[in-house]
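# Geometric and topological summary
Listed here are the chains, written in short residue letters.
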Amino acid sequence: GENVEQHPSTLSVQEGDSAVIKCTYSDSASNYFPWYKQELGKRPQLIIDIRSNVGEKKDQRIAVTLNKTAKHFSLHITETQPEDSAVYFCAASKIHTGFQKLVFGTGTRLLVSP
Amino acid sequence: KAGVTQTPRYLIKTRGQQVTLSCSPISGHRSVSWYQQTPGQGLQFLFEYFSETQRNKGNFPGRFSGRQFSNSRSEMNVSTLELGDSALYLCASSSDAYTDTQYFGPGTRLTVL
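Residues numbered from 1 in each chain as written. Chains lettered and ligands numbered in written order. Predicted model: local features only at pLDDT ≥ 70, side-chain atom pairs only at ≥ 80, totals over all residues. Heavy atoms only, no water.

### Considering the overall build of chain A
When you go through chain A residue by residue, the secondary structure sums to zero helices and 11 strands. Each helix (α) and strand (β) of chain A, taken in turn from the N terminus, gives the series β-β-β-β-β-β-β-β-β-β-β. The globule rule puts the C-alpha radius of gyration for 114 residues at 13 Å, and the 14 Å found for chain A is close to it. For chain A, the spread of C-alpha atoms along the principal axes amounts to about 45 × 30 × 20 Å. Within the span of chain A, comprising 114 residues, buried residues form 47% of the whole. Long-range pairs, those at least 24 residues apart, make up 54% of the contacts in chain A between residues at least 6 apart in sequence. When the accessible surface of chain A is summed, it comes to about 5,700 Å², and 48% of that surface belongs to carbon and sulfur atoms. Side chains of chain A carry 13 positive and 12 negative charges; the gap between the two charge centres is 7 Å. (Helix = DSSP H or I, 4+ residues; strand = E, 2+ residues; numbered from the N terminus. Rg over C-alpha atoms; globule rule 2.2 N^0.38 Å. Buried < 20%, exposed > 50% of the residue type's maximum accessible area, 1.4 Å probe, protein only. Contact = heavy atoms within 4.5 Å. Areas by Shrake-Rupley, 256 points an atom, 1.4 Å probe, with all protein chains shown as cover. Lys, Arg positive; Asp, Glu negative; His and termini not counted. Charge placed at Lys NZ, Arg CZ, Asp CG, Glu CD.)

### A closer look at the overall build of chain B
Counting its secondary structure elements, chain B contains zero helices and 11 strands. Its helices and strands in sequence order give chain B the pattern β-β-β-β-β-β-β-β-β-β-β, from N to C terminus. For a compact globule of 113 residues, the expected C-alpha radius of gyration is about 13 Å, and chain B comes in at 13 Å, within 12% of that figure. A principal-axis box enclosing the C-alpha atoms of chain B has dimensions of 35 × 25 × 25 Å. Here chain B has roughly 5,100 Å² of accessible surface; of this, 47% comes from carbon and sulfur atoms. The positive charge centre, built from 11 side chains, and the negative charge centre, built from 7, are 6 Å apart in chain B.

In structure tokens:
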């Protein structure tokens with residue numbers, strides 16, 4: 001089955017710096033890759049997602065890139081702010097197949113210091 | 001629209017008991033998935049229901065079961081609770097079985113003593 005690896009497990013940056021989190025997946029049939037942000041004691045919130053027919057997607061300070069050949073995708077956060085501090089999870093799934101199973105990475109704890 | 005809701009938010013049980021958790025999806029959503037979140041194992045898929053049918057199941061023992069009602073509300077049941085079942089149980093809904101985006105509820109924090 002699908003396996004998703006996520007690095008790094010923790011990431012500390014200064015406010016205003018950029019942060020990059022990387023994930024690799026094993027199943028070449030996976031075609032949907034969401035990123036979730038989970039603040040302490042809160043539910044995971046979708047922040048951005050990308051489908052396999054797209055190489056990059058941006059939403060303000062957040063961007064995701066996908067390399068299907070290498071089977072990896074990355075989350076880029078620019079101009080980080082203290083409120084970006086949270087745990088970020090990448091995930092992979094196969095949509096349009098009736099399989100709604102999200103396979104998650106192990107999470108990255110991002111700490112943005114003022 | 002109201003978001004995904006889960007009840008109860010917190011539960012404390014003892015080993016050997018059973019528990020039932022409830023999830024109400026976003027109005028109009030027909031697919032409900034359940035996940036277990038623990039510090040050690042992260043977020044793991046339990047099962048997914050669509051139109052009252054279980055379509056997918058993760059690698060959990062048979063003590064974990066679920067169902068979905070005609071109004072798309074879903075319940076999951078854990079029988080013969082073990083200490084290792086202590087976790088945050090999250091449900092997520094999406095509009096149909098072929099749509100990508102899953103929206104999570106706040107979770108039920110289960111503690112087994």
